[in-house]
Every structure is written in C-alpha cells, then in structure tokens.
Amino acid sequence: MNIKITYNWLLEYLETDTDPYEIQKYLSLCGPSVERIEKVGDDFVFDIEITSNRVDSASVFGIAQEAQAILPRFGKKATLKFNPLTQYTFSSIVPTGEKPLKVQILQPGLCSRFTSVVIENVKIQPSPEQIKNRLSMCDVQSINNVVDISNYLMLSLGQPTHVFDYDKIARHTMIMRESKKGEELVTLDGKKIKLPGEDIVIEDGDGKLIDLCGIMGGFNSSVQKDTKNVLLFVQTYNKRKIRRTSMTTGQRSVAATYFEKGLDEERVEPTLVMGIELLQKYAGGTVGSQVTDMYPHPHTPKEIGVSLDQVKKIMGVNVTTQDCKNILSHLGFEVEASENMIKVTIPTWRSQDIEIPQDIIEEIARVYGYHKLPNTIQPTVYVPQPKEVELFFQVQSKVKQYLKHIGLHEVMNYSLVSKKLLESFNLPFDEHLRISNTISEEIEYLRSSLLPSLVKNMQDNQGKGDELKFFEIAKVYKIRKGDLPEETYKLSLAIDTDFFDLKGIIEALMKELHIEKYSVNKSHGSDEYSYISPSSKSVLKIQETALGQLGELALEVKDKMSIKKNVYLAEIDFMSLALNYRLINSYTPPNPYAVIKLDLTIEQNEKMTYEDIKKRAMTESKFLQGVEVVSMYKNNISLRFYFSSTERNITEEDAKKELEEIKKKIG
C-alpha cells in the first residue's frame with residue numbers, strides 16, 4: 001500500500017535538521033521507500049510505499065518513528081518531539097454528560113477492542129485551512145470538520161476511526177454481529193451492498209444495519225449538516241473477515257486496507273483521546289458520555305532472545321552489542337543486553353510481524369544498512385528449459401517483432417473479463433470459470449477467447465486513428481471438470497480495414513515463419529466463434545489440421561459494442577503455429593527457364609473460393625508455378641497465372657492452352 005504525508009506535518013512529531021530530499025534518500029535506503037516528492041506551496045508531499053507487514057508505519061507518526069531510528073545513522077539529527085501513544089490516555093478524559101450507549105458483541109472474535117465516546121453539542125462547519133490543505137495534499141477530500149477529523153486521525157496515527165450521528169442510532173444501542181447472507185446496506189458513498197454473509201456489521205436498537213465494519217459506515221447514520229451529537233468510534237477487527245468482505249463485495253476503502261493487515265489494539269486508546277481533543281478544539285464539542293472500552297484480551301508483552309553469533313552469521317559483519325541496542329531502542333523495542341546476548345521486548349505495534357530471532361536481526365540489518373553489508377554474488381547458472389518452452393519463446397519473439405514491423409500494435413489485457421462483455425458476445429457463462437472473490441465486476445470471468453478483449457480495445461480506441469490494428473498472444477482457459485482449467489496459448493488479431501487485409505497479414509506471417517502448406521478456406525457448419533459473421537467465417541489450416549478461424553465481427557455484436565467501423569478478427573492456436581515453424585525455408589533451385597504471365601478475369605461465387613480455384617488450377621496444369629489475385633471488382637476477380645517448366649522454355653501458346661484447360665475446370 002502507499003500513503004501520502006507532508007513534510008510540515010511530519011515535523012510536528014519529529015525534531016530534525018534533515019531536508020525533504022535527504023529524508024527520501026535515507027528512509028528509502030533503510031526503511032519505507034519514498035517513491036516521489038512533490039512541492040506544494042510551502043510544503044512537500046511524500047508518496048511512500050508501505051510493505052504489507054508494516055502497517056504500523058502507515059501514518060505520519062509511524063514515519064516519524066522510522067526516521068528517528070534511521071536518520072542518525074547518517075549523521076542527521078532526529079528525535080521525537082512527543083509520543084502520542086503515551087501522551088494520550090483515558091485518564092485525561094473528564095465527561096460532562098451522561099448520554100447512554102448500550103453495546104453488545106454477539107460473536108467472539110469479531111472485534112478485539114471496541115471503544116467509543118459521545119461528543120455532544122458539536123457544530124458542523126468547514127475544517128480549518130491547515131486540516132483541509134493537508135488532507136487535500138494526501139488525496140483525501142474535505143467534507144466537514146467532524147468527518148475530516150476522523151480522516152486526519154487515520155493519517156496521523158494509522159488507526160481508522162468512524163463518526164456516527166449519535167441521535168440516528170435507534171435506542172442508542174449498537175449490536176455487533178455477523179451478517180446474514182443477502183442482507184443489504186447503503187454505504188456512505190451511496191452504494192447498495194448485498195452482503196455475502198458472515199461479515200462484521202453493526203445494527204441499532206431497531207435492527208437496522210448502520211455500519212459495514214472496517215470498510216465503510218452506513219449512510220443512514222452519517223454525520224450531516226444538522227448533526228448535534230456524534231459518536232466517535234475506534235476499534236480493531238478480525239483482519240481475515242475484513243479482507244474477505246472487502247474482496248467479495250468489491251467495496252475497497254482506505255480503512256479496509258488498514259484493518260485487513262491487523263492493527264495494534266493499544267493504539268486505539270490514544271487515537272480516541274486525540275480525537276476527543278480535536279473535536280473539542282475544532283467542533284466545539286464536549287464529552288457527553290463515559291468512554292466505552294471493551295478489551296477482553298489485553299496485550300501480553302512478548303520477549304525474544306538473540307545472540308550476537310546469530311547476528312554475525314546472518315549479516316556477515318560484526319555488530320557490537322551497543323550498536324544492536326541503539327538500533328532496536330530507537331525503533332521502540334525494550335532491550336536488555338549482556339556480553340553476547342540481547343533480550344528484546346516487542347512493542348505492541350510490532351507484535352504482528354516480529355515472531356522469531358531472525359525478525360530481530362532483519363531490523364538490525366536494515367537500519368545498519370543493507371548497502372554496507374558485504375555482497376558476494378553467486379555465479380550464474382543456465383538452467384536448460386524443455387524444448388517446447390524454448391520453442392515457444394523463440395517463435396513468440398519472432399511473431400511479435402514481425403507483426404509490430406508491419407504496423408500492428410501489441411496489447412496485453414487481463415485474463416479476466418466482465419459478465420457484460422460475455423453477454424455482448426452471447427457467450428454462455430457456464431463455459432467460463434468465475435472468480436468467486438473478484439475485486440471488480442470488470443475482472444470476473446476467465447476468458448476462453450482473446451477476441452472479446454481485443455474488440456473492447458477497438459471500442460475504446462475508435463476515433464483515435466485512421467486504422468486500428470491490434471494483436472495479442474496470451475492464454476485462454478477452458479473448464480475441465482474436477483481439475484484445473486485447460487490453458488492454451490492463442491494468437492489473436494483485430495483490425496478495422498477489411499477482410500483481405502487480415503488474410504494478407506496472416507499469409508505474410510506464414511511466409512515469415514516459413515510455413516508453406518497452409519490454406520484459408522470458408523468455414524462450414526462451425527459453431528465456434530458464433531460472434532463472427534457466418535458469411536465471412538473462414539478456417540486457417542496447415543495441411544488438413546485447423547489452426548484457427550477468421551472473419552468479420554457479427555453485426556449484432558458490433559451494434560451492442562457501439563463500434564462504428566467493421567471489425568475483422570482472427571484467432572490461431574499459437575503452439576500449433578510454433579510446432580510448424582521452421583528456422584529457414586526449404587531450398588528451391590532457381591528456375592533457369594522463362595516464366596509466362598497470363599491474366600484471367602472470372603466471376604466469383606460462394607461455391608468456388610479463391611483457395612478452391614488455386615487448388616484446382618495447380619492440379620490441372622503441370623506448367624503452373626503460382627497464382628495470385630490482381631484485383632477485384634463487384635463479383636469479378638482478376639487472377640494472374642505464372643507458367644514455366646523446369647525442363648525447357650515453353651511458348652506463350654503452351655501457356656494459353658494450359659490456361660484454357662484451367663478455365664474449363666474453374667468456370
């Protein structure tokens with residue numbers, strides 16, 4: 001995940017003489033990677049990549065903690081100005097009201113810590129400029145002072161919070177439970193979510209769902225302009241359930257990306273207290289209830305012992321006991337050191353990712369500096385690949401280069417397509433594997449053909465060029481009962497010029513791959529590729545083996561996709577193509593005798609295709625060396641015949657006699 005924070009915001013927690021670009025350099029060497037810096041006004045915005053197991057660092061204060069450990073290693077001053085995790089405690093809260101709140105958690109294991117407090121007599125208004133500007137720079141939209149404070153807390157401390165309109169919670173009762181399959185909830189963004197079941201939800205005293213926990217609150221309990229009393233709600237959830245619900249419903253939110261990684265229960269208390277302080281300061285509220293804190297299994301400190309011998313063995317350098325102690329202490333670990341051993345107490349915010357001695361050594365190594373460790377690169381070894389794999393990559397590279405050189409553009413689409421796209425092509429859903437936990441309706445079914453995706457590319461790019469010519473080489477997936485799907489590589493093409501251009505591209509590719517005994521004939525009675533117009537559907541064969549089909553996109557599909565120009569498609573089995581590929585062509589000695597060229601114009605009909613004409617002509621004449629199309633007009637086709645002999649010079653009369661015999665056979 002990536003977070004954005006600002007330099008001036010970081011300086012509220014960190015006392016340092018390091019400029020933004022030095023922070024980027026040094027943090028990226030030993031900790032979170034600062035991918036970009038953007039200057040905005042008198043501030044700088046850091047775009048920081050956070051690894052999945054380090055959600056504790058996904059906040060302004062989390063980065064400050066990392067900086068105070070890393071920057072001194074490079075001779076820079078860096079100390080925490082204050083620690084909100086220890087400064088903000090429940091003991092500082094003095095309630096002035098006694099508004100009731102009844103809370104029940106029906107199933108154990110849903111929520112490891114639940115805290116809340118009522119803030120009464122708030123005034124809903126725009127946030128102060130500093131909060132609005134910081135949220136804006138971090139790509140968070142400002143809504144009002146109360147909602148903005150909730151988002152501000154998450155970015156500050158890395159703990160998502162939520163605010164309810166207290167007066168909209170029926171009977172002032174909150175019941176946390178697992179959802180029933182098919183239950184529905186309208187979330188804050190106005191989406192109606194149908195729940196798969198076993199999701200963490202909260203209902204009020206009337207049984208109305210008011211929160212899809214850990215993901216997004218319900219619209220029916222949201223803070224609006226007329227809100228007077230709010231419930232500030234801070235909690236930690238079962239991370240597996242949050243991840244499952246977010247994926248199955250496709251409802252992704254920033255809060256979900258935090259909760260699904262597992263949060264520190266001990267951070268809930270300072271977040272709630274800091275939230276109360278901000279709501280009092282910027283919304284004029286007062287504490288209108290006692291704090292609700294349900295924490296059935298408080299954190300138990302965990303200790304891990306590490307020997308310096310282990311550190312040296314893994315890192316490859318001698319690190320002193322004092323150096324290890326300094327590094328770990330600055331990272332928030334409690335350390336007891338002896339001559340050859342260090343005993344480390346894990347801070348609560350690192351209990352999710354520190355499990356074994358090697359985890360401790362990794363922390364020492366990264367702050368010490370991976371760039372300072374000795375590097376000995378092992379000699380590389382070539383691992384022979386199976387012949388078919390070598391062949392595949394060889395032919396794939398050749399095909400891609402050739403098609404690009406003759407004017408086609410390669411596209412790479414997802415292996416998954418939408419239900420809507422399958423419907424447009426009249427493809428049955430039961431012949432496609434469906435992903436049960438897809439994150440989007442656009443990537444729901446594994447595709448059994450590349451062509452629908454290519455047609456979608458044509459739709460998306462129409463009007464952006466005079467001609468569109470695309471190709472893709474990728475896998476398609478066919479269902480196999482009781483087994484993994486059958487995976488087959490296909491080469492697919494889509495162009496918007498004409499059928500003969502498509503056929504010419506395929507013929508040119510066959511020539512490039514030195515495949516000689518191929519043919520393109522009209523396809524009869526094939527149900528495959530039902531979205532290709534039957535009148536143009538043709539089959540590509542090598543000898544008598546069918547490799548694929550080509551033709552014009554059916555008018556019905558073209559209309560559904562709102563495509564203006566005609567589209568011509570081809571799909572070829574790529575491995576069959578590769579197996580027929582030859583590195584060099586077979587040698588044919590040059591003919592020393594003259595070639596006589598004669599043209600013939602005939603009427604074309606559906607019963608006699610060009611391939612049929614060519615085949616009959618070559619069979620009929622012993623002098624015929626080749627046939628090609630010169631031109632077409634309406635139903636007439638002009639052909640050029642090449643006559644020659646390998647034994648003698650033939651006369652024009654000989655060639656004309658041959659042509660007359662051919663004419664009788666094809667007339």
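Residues numbered from 1 in each chain as written. Predicted model: local features only at pLDDT ≥ 70, side-chain atom pairs only at ≥ 80, totals over all residues. Heavy atoms only, no water.

Some thoughts on the sheet that holds strand β6 (residues 102-105)
Stated precisely, the cut-off is as follows: One requirement defines pairing of two strands: DSSP has to find at least two bridges between them. Each helix corresponds to a stretch of at least 4 residues labelled H or I by DSSP, and each strand to a stretch of at least 2 residues labelled E; elements are numbered beginning at the N terminus.
If you trace the 5 strands from one edge of the open sheet to the other, you get β6-β9-β12-β13-β14, paired in mixed fashion. Strands with a single pairing partner mark the edges of an open sheet, and in this sheet they are β6 and β14 (216-217). Relative to strand β12 (residues 200-203), strand β9 (residues 173-178) is paired through 4 bridges, and the arrangement is antiparallel. Bridging from a neighbouring strand, Glu 178 pairs with Ile 200 of β12.

Quick look at the side chain of Ser 519
Worth spelling out the cut-off: Here a polar contact means two N or O atoms within 3.5 Å. Within protein one must be a hydrogen donor candidate and the other an acceptor candidate, and residues neighboring in sequence count only if both atoms are side-chain atoms. Contacts: residue pairs with any heavy atoms within 4.5 Å of one another.
Structurally, the position occupied by Ser 519 is in strand β26 (residues 518-522). Separated by 3.3 Å, the side chains of Ser 519 and Asn 521 make a polar contact. Aside from chain neighbours lying at most four places away, what touches Ser 519 is Val 539, Leu 540, Lys 541 and Glu 611.

Looking at the sheet that holds strand β30 (residues 596-603)
Heads up, the rule is: All axes are obtained by fitting lines to C-alpha atoms, using only the stretch in contact for helices, and the reported angles, taken between N-to-C directions, cover 0 to 180 degrees.
The strand order across the open sheet built from 3 strands is β30-β32-β31, with neighbouring strands paired in antiparallel fashion. Two strands bound the open sheet, and with one partner strand each, they are β30 and β31 (624-633). Averaged over all adjacent pairs, the angle separating strand axes in this sheet is 25°, with direction ignored. Along the sheet, helix α19 (residues 610-620) contacts β30, β31 and β32 (636-643); its crossing angle with β31, the most-contacted strand, is approximately 150°. Across the sheet, helix α20 (residues 652-666) lies against β30, β31 and β32, angled at about 25° from β30, the strand it touches most.

Quick word on the packing of α19 against α20
Selection criterion: By the definition adopted for this analysis, an angle is roughly parallel if under 35 degrees, roughly antiparallel if over 145, roughly perpendicular if from 65 to 115, and oblique otherwise. By convention, the crossing between two helices is left-handed when the near helix turns anticlockwise from the far helix through less than a right angle, and right-handed when the turn is clockwise.
In contact at an axis separation of 9 Å, α19 and α20 are set at 135° when each is read in the N-to-C sense. As judged from the angle between their axes, α19 and α20 are oblique. When you trace α19 past α20, the crossing you get is right-handed. Where α19 abuts α20, its residues Ile 613, Arg 616, Ala 617 and Glu 620 lie against Glu 661, Ile 662, Lys 665 and Ile 666.

Details of the pairing of strand β13 (residues 209-212)
In the sheet, β12 pairs with β13 via 3 bridges, with the strands oriented antiparallel. Bridging from a neighbouring strand, Glu 203 pairs with Leu 209 of β13. Turn length for the β12-β13 hairpin, with the two strands adjacent in sequence and antiparallel, is 5 residues, and the turn residue Gly 207 shows positive phi of about 80°. Inspection of the sheet shows β13 paired to β14 by 2 bridges, in the antiparallel sense. Of the residues in β14, the one forming a bridge with Leu 212 is Met 216. The turn linking β13 back onto β14 is made up of 3 residues, and Gly 214 within it adopts a positive phi angle of 80°.

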